[in-house]
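# Secondary and tertiary structure notes
Take a look at the letters that make up each chain.
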Amino acid sequence: YVTGINLAGYVNLIEGEEELSEIFQDFTGHGTGIASIISGNGETGICGVNPNAEVYSVKVLDGENKAPLSRIIQGIYWCIEHEMNIINMSFGTSVYSKALEQAVMDAYEAGLLMIGAAGNESSDVEYPAAFSEVMAVAAVNPEAEISEFSNTGEELDIAAPGEKIRVASFFDGNEVTHGTSIAVPHVTGAA
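Residues take numbers from 1 onward in each chain, read along the sequence in its written order. Side-chain atom pairs in this predicted model are given and counted only at pLDDT of 80 or more, local residue features only at pLDDT of at least 70, and totals for whole chains, interfaces and linings cover all residues. Note: side-chain values were computed over all heavy atoms of the structure, leaving out hydrogens and water.

Note on geometry: axes are lines fitted to C-alpha atoms, helical ones only across the stretch in contact, with angles between N-to-C directions running from 0 to 180 degrees. Secondary structure elements are taken from DSSP: a helix is a run of H or I of four residues or more, a strand is a run of E of two residues or more, and numbering for both begins at the N terminus. Remark: helix α1 (residues 30-39) packs on helix α4 (residues 180-190), axes separated minimally by 8 Å, with the N-to-C direction vectors making an angle of 35 degrees. The way α1 lies across α4 gives a crossing that is right-handed. Here α1 contributes His30, Ile34, Ile37 and Ile38 to the contact with α4, which in turn contributes Ser181, Ile182, Pro185, His186, Thr188 and Gly189. When residues are sorted by character, Ala, Val, Leu, Ile, Met, Phe, Trp, Tyr, Cys and Pro go into the nonpolar class, Asp, Glu, Lys and Arg into the charged class, and all the rest, Gly among them, into the polar class. When its residues are assigned to classes, the contact of α1 with α4 shows five nonpolar, five polar and no charged. Crossing handedness follows the turn of the near helix against the far one: under a right angle anticlockwise gives a left-handed crossing, and clockwise gives a right-handed one. Throughout, a contact is declared for two residues whenever any of their heavy atoms are within 4.5 Å.

This paragraph deals with the pairing of strand β4 (residues 113-117). Partly exposed describes any residue whose relative accessible area lies between the buried limit of under 20% and the exposed limit of over 50%, with all areas from a 1.4 Å probe on protein chains only and scaled to the type maximum. Of all five residues that make up β4, four are buried, and the element is covered over most of its length. Relative to β4, strand β3 (residues 86-89) is paired through four bridges, and the arrangement is parallel. Within β4, the residue paired with Ile87 across the bridge is Met114. Paired strands are those between which DSSP finds at least two bridges. The pairing of β4 with strand β5 (residues 134-140) spans four bridges and is classified as parallel. If you follow Met114 over to β5, its bridge partner there is Val134.

Our next topic: the layout of surface pockets. Rolled over the atoms, a probe sized like a water molecule indicates the empty space that remains. The way it works is a 1 Å grid over only the protein atoms, where trapped points that fit a 1.4 Å probe form a cavity and open points with protein on both sides within 12 Å along at least five of seven lines form a pocket, and then any residue with an atom within 4 Å of a point lines it. Grid points are joined across faces, edges and corners, and a volume is the space filled by probe spheres set on the points. By volume, the second largest pocket amounts to about 350 Å³. As for the second largest pocket, its lining consists of 22 residues, and the residues nearest its centre are Asn65, Phe91, Gly92, Thr93 and Glu126.

With that out of the way, let us pick up the environment of Asn65. Structurally, the position occupied by Asn65 is in the loop between β2 (55-59) and α2 (69-81). For Asn65, a relative accessible area of 31% translates into the label partly exposed. In the structure, Asn65 is positioned 35 residues away from His30 in sequence and 7.6 Å away in space, judged by C-alpha atoms.

Here we take up α2. Helix span, expected: 1.5 Å multiplied by one less than the number of residues in the helix. When the terminal C-alpha atoms of α2 are compared, their 18 Å separation across 13 residues agrees well with the 18 Å that a helix rising 1.5 Å per residue should span. Listed in full, the buried residues belonging to α2 are Arg71, Ile72, Ile73, Gly75, Ile76, Trp78 and Cys79. Residues of α2 that are buried sit in contact with β1 (7-12), β2, β3 and α3 (98-109). In the segment just after α2, Glu83 is the residue with positive phi, at about 55 degrees.

A separate point is the sheet that holds β4. Within a sheet, neighbouring strands are paired by backbone hydrogen bonds and run either parallel or antiparallel to one another. A sheet is described by the order of its strands in space; here four strands give the open sequence β3-β4-β5-β6, paired in parallel fashion. Of all the strands in the sheet, just β3 and β6 (156-161) have a single pairing partner and so form its edges. When strand polarity is set aside, the average angle formed by the axes of neighbouring strands in this sheet is 30 degrees. Examined bridge by bridge, β5 and β6 share five bridges and lie parallel to one another. Across the sheet, residue Ala139 finds its bridge partner in β6, namely Ala160.

Given below as structure tokens:
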């Protein structure tokens, strides 16, 4: 919960957290930071790429920013069923999954634009960004050079700012962070 981010709605797909107060929805601040880059309205000092975007929070990551693939897939299908236009995928895994690929293909066929993080291991592009149906985003530093930590490969489609980025944080605060997860919402906001 941050006053500088206008959410059109949210759903928590983590079992046992469905009725959790919105104040406690984001234990790590990851989703809050992502949302502020997309649509921060400036009230807390963070001006997002598109303050007029209609943003929905679909919580799939737990308090350690982890999720089983089944919950990621559930989130994708929630987006399809609720006719979202874009899915910001600021997460990734090095493990290929046929079920995840099928969900991505179904979202693509439903006309959703999926934008995914390449990963932060200086390695190969992670899934779901590695699927051709997902726009894979690398991170760049302030000099517009690919960040040393950013995963790379032929699957990359675009790069965006991913170092020294100020984002919204707990209790209307802000912090500086980095990562391909942080690059993705720059692309999502523009889209």
